[in-house]
Amino acid sequence: MKKRLIILIPCFHDGGVETWVKSIFEYNKTFDLVLVIHGEVSMDVSFAKDVIKVKNFLEVFRAFKKLKLSKSDVVFSSLTPSNIYGLLLKFFFRYKHIVGVQVTLMKLEWESYLKFAIRKLIYKVFHFLSDRVYVASSGLKKEISKKVSKKIKVFWNPVINNSFLKEPKIPINQREKIILAVGRLEAQKDFELLIKSIYELKKITNEDFQLLIVGNGSLKKKLSCLVKNFNLESDIKFIPFSENIFDYYLKAKVFVLSSIYEGFGNVLAEALFSNCYCISYDINHGPKDILDNGRFGVLLKERDSKILSKEIRKGLLYEQPFYVNEHHMIQFGEKFTSEKYLEKMEKDINEMINN
């Protein structure tokens, strides 16, 4: 008999967490999966056995009561509102609770000290009250607790499956000169820096290329104006987010992650295993794990548009994969598959329930 697993999440649209949940459970044969979503839904959720849409905490309570949750059930929540709901309701229903942490706990530039202190305290509480904390990178684990903790487990986000990892890709020397960036059009992603780097790139190369920025967000108008001001309309295109995102990865030659921070950086891993030449800033925390400390891609320290433009130029001229050994790459990539995540998760849940 399959174990029942309830995923509690604030919304289901085109964000990294939603993509992460879908990539884990789309091929799931291990759990009876129930999605409880207290917000907007705009992505396909047919991979779940049941989907319960609610609006607020009271409706989540009613949904959990209807599900008749018990000590043998596991609730996996992600993102702060859902994590808080999950912990509060645990006192009523006594289920096992896994908190998913995807975002850095470091202070952000635009964040007040008070807001930062509250956010950090909340995650300390999550650690104390939950049965498990699943973090997306080794750096996040250190942020939550300096001490060794059996509760905190590092689970790299699964972004591919085994069949995709092993199927042939278009060689990098046969790809179009496309530079790709994927993410929400928000300050965190720092697409402004990337656009400035393309302006600098035009000064140092006569190569024909195009930057595709795939994503939706509140800064679309501002970023479009910046492109126009630099006279780059023919070089940079904005494309709405698509669930067929791998169509873009498999065409692109260079992928750039320009984010100021990430909890993991799903898009970087997706690009890497699509055979792109990957460039990322060495930010908290995922890129260092994904690129294996620079073995499989470029990790930049200094946030400078001229330096970035030179690295992009190198990528456009590259005629072979960044990595040397394809077998090592596939071995490494298996750690990022849905199959490996589910296998590791089932083992941990069995241990958690039986103890």
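The following paragraphs examine the structure supplied in this document. (Residues numbered from 1 in each chain as written. Predicted model: local features only at pLDDT ≥ 70, side-chain atom pairs only at ≥ 80, totals over all residues. Heavy atoms only, no water.)

What about the nonpolar core?
Just so we agree on the cut-off: Residues belong to one nonpolar core when they are buried, are Ala, Val, Leu, Ile, Met, Phe, Trp, Tyr or Cys, and are joined through side-chain atoms within 4.5 Å. Each residue is placed in one exposure class: buried if its accessible area under a 1.4 Å probe, protein chains only, is under 20% of its type's maximum, exposed if it is over 50%, and partly exposed if it falls in between. Working definition: helices are DSSP H or I runs of at least four residues, strands are E runs of at least two. Numbering for both runs from the N terminus. The contact definition used throughout considers only heavy atoms, calling two residues in contact when any of these lie within 4.5 Å.
With 41 residues, the main nonpolar core has Phe255 and Phe273 as its most contacted residues. With five residues, helix H10 (residues 266-272) is the single largest residue contributor to this core. When residues no more than four places from it in sequence are discounted, the contact partners of Phe273 are Val159, Ile160, Phe164, Leu165, Lys169, Met329, Phe332, Gly333 and Phe336. Counting 30 residues, the second largest nonpolar core, distinct from the first, contains Phe191, Leu194, Leu226 and Ile279.

Comments concerning the pairing of strand S9 (residues 210-214)
Inclusion rule: When DSSP finds two or more bridges between a pair of strands, those strands are recorded as paired. With the strands aimed away from the viewer, a crossover counts as right-handed if its path from the first strand over the helix to the second runs clockwise.
For S9, the buried fraction is high: four of the five residues fall into the buried class. Of the strand pairs in this sheet, strand S8 (residues 178-182) and S9 are connected by five bridges, and their pairing is parallel. Within S9, the position partnered with Ile178 by the bridge is Gln210. Since S8 and S9 lie parallel, the crossover through helix H7 (residues 191-204) that links them has a hand, and here it is right-handed. Since S9 and strand S10 (residues 236-239) lie parallel, the crossover through helix H8 (residues 220-229) that links them has a hand, and here it is right-handed.

A look at the packing of H7 against H8
For clarity, the threshold we go by: Between N-to-C directions, angles cover 0 to 180 degrees, with each direction set by a line fitted to C-alpha atoms, over the stretch in contact for helices. If an angle is under 35 degrees, it is roughly parallel; if it is over 145, roughly antiparallel; if it lies from 65 to 115, roughly perpendicular; otherwise it is oblique. Each crossing gets its hand from how the near helix is turned against the far one by less than a right angle, where anticlockwise is left-handed and clockwise is right-handed. For this classification, the nonpolar set comprises Ala, Val, Leu, Ile, Met, Phe, Trp, Tyr, Cys and Pro, the charged set comprises Asp, Glu, Lys and Arg, and every other residue, Gly included, is treated as polar.
Taken N-terminus to C-terminus, the directions of H7 and H8 make an angle of 15 degrees; their axes are 10 Å apart at the nearest point. Here H8 runs roughly parallel to H7, going by the angle between their axes. Viewed along their axes, H7 and H8 form a crossing whose handedness is right-handed. Facing H7, whose interface residues are Phe191, Glu192 and Ile195, H8 presents Lys222, Leu223, Leu226 and Val227. Taken together, the residues that form the contact of H7 with H8 break down as five nonpolar, no polar and two charged.

Observations concerning the packing of helix H3 (residues 80-93) against helix H4 (residues 113-129)
Look at H3 against H4: their axes get within 11 Å of each other, and the N-to-C directions meet at 40 degrees. With respect to H4, the element H3 is oriented oblique. As for the relative orientation of H3 and H4, their crossing is left-handed in sense. Residues Thr80, Asn83, Ile84, Leu87, Lys90 and Phe91 of H3 touch H4, and the partners they reach there are Ile122, Tyr123, Phe126 and Leu129.

Examining a nonpolar patch on the surface
Let me state the cut-off plainly: Residues enter patches when their relative accessible area tops 30% and they take part in no salt bridge; the joining distance is 9 Å for like charges and 5 Å for the nonpolar side chains Val, Leu, Ile, Met, Phe, Trp and Tyr. Only the protein chains shown count as cover for residues, and all accessible areas are computed by the Shrake-Rupley method using a 1.4 Å probe. For this document, the term salt bridge refers to a Lys or Arg side-chain nitrogen within 4 Å of an Asp or Glu carboxyl oxygen.
On the surface, Phe91, Phe92, Leu121, Val125, Phe128 and Leu129 cluster together into a nonpolar patch covering about 640 Å² of accessible area. Of all the secondary structure elements, the ones that give two or more residues to the nonpolar patch are H3 and H4. The biggest single contributor to the nonpolar patch is H4, with four residues. Position of Leu129 among the secondary structure elements: in helix H4.

Here we look at helix H12 (residues 305-317)
Think of an α-helix as turning once every 3.6 residues; residues three or four places apart then point the same way. Going by this rule: By definition here, a helix of n residues has an expected span of 1.5 Å times n minus one. In this description, one arc is meant: the one made by directions from the helix axis to the C-beta atoms. Polar contact criterion, stated in full: a pair of N or O atoms within 3.5 Å, where within protein one must be able to donate a hydrogen and the other to accept it, and residues adjacent in sequence count only if both atoms are side-chain atoms.
Its 13 residues place the ends of H12 18 Å apart at the C-alpha level, agreeing with the 18 Å of an ideal helix rising 1.5 Å per residue. Every buried residue of H12 is accounted for by Ser305, Leu308, Ser309, Glu311, Ile312, Gly315 and Leu316. The buried side chains of H12 occupy one side of the element, clustering within an arc of 165 degrees when seen end-on. By the N-cap criterion, in which a side-chain oxygen at the helix start approaches the backbone nitrogen of a residue two or three places on, H12 is capped by Asp304, the distance to Lys306 being 2.8 Å.

Read these as spatial facts, not as claims about activity.
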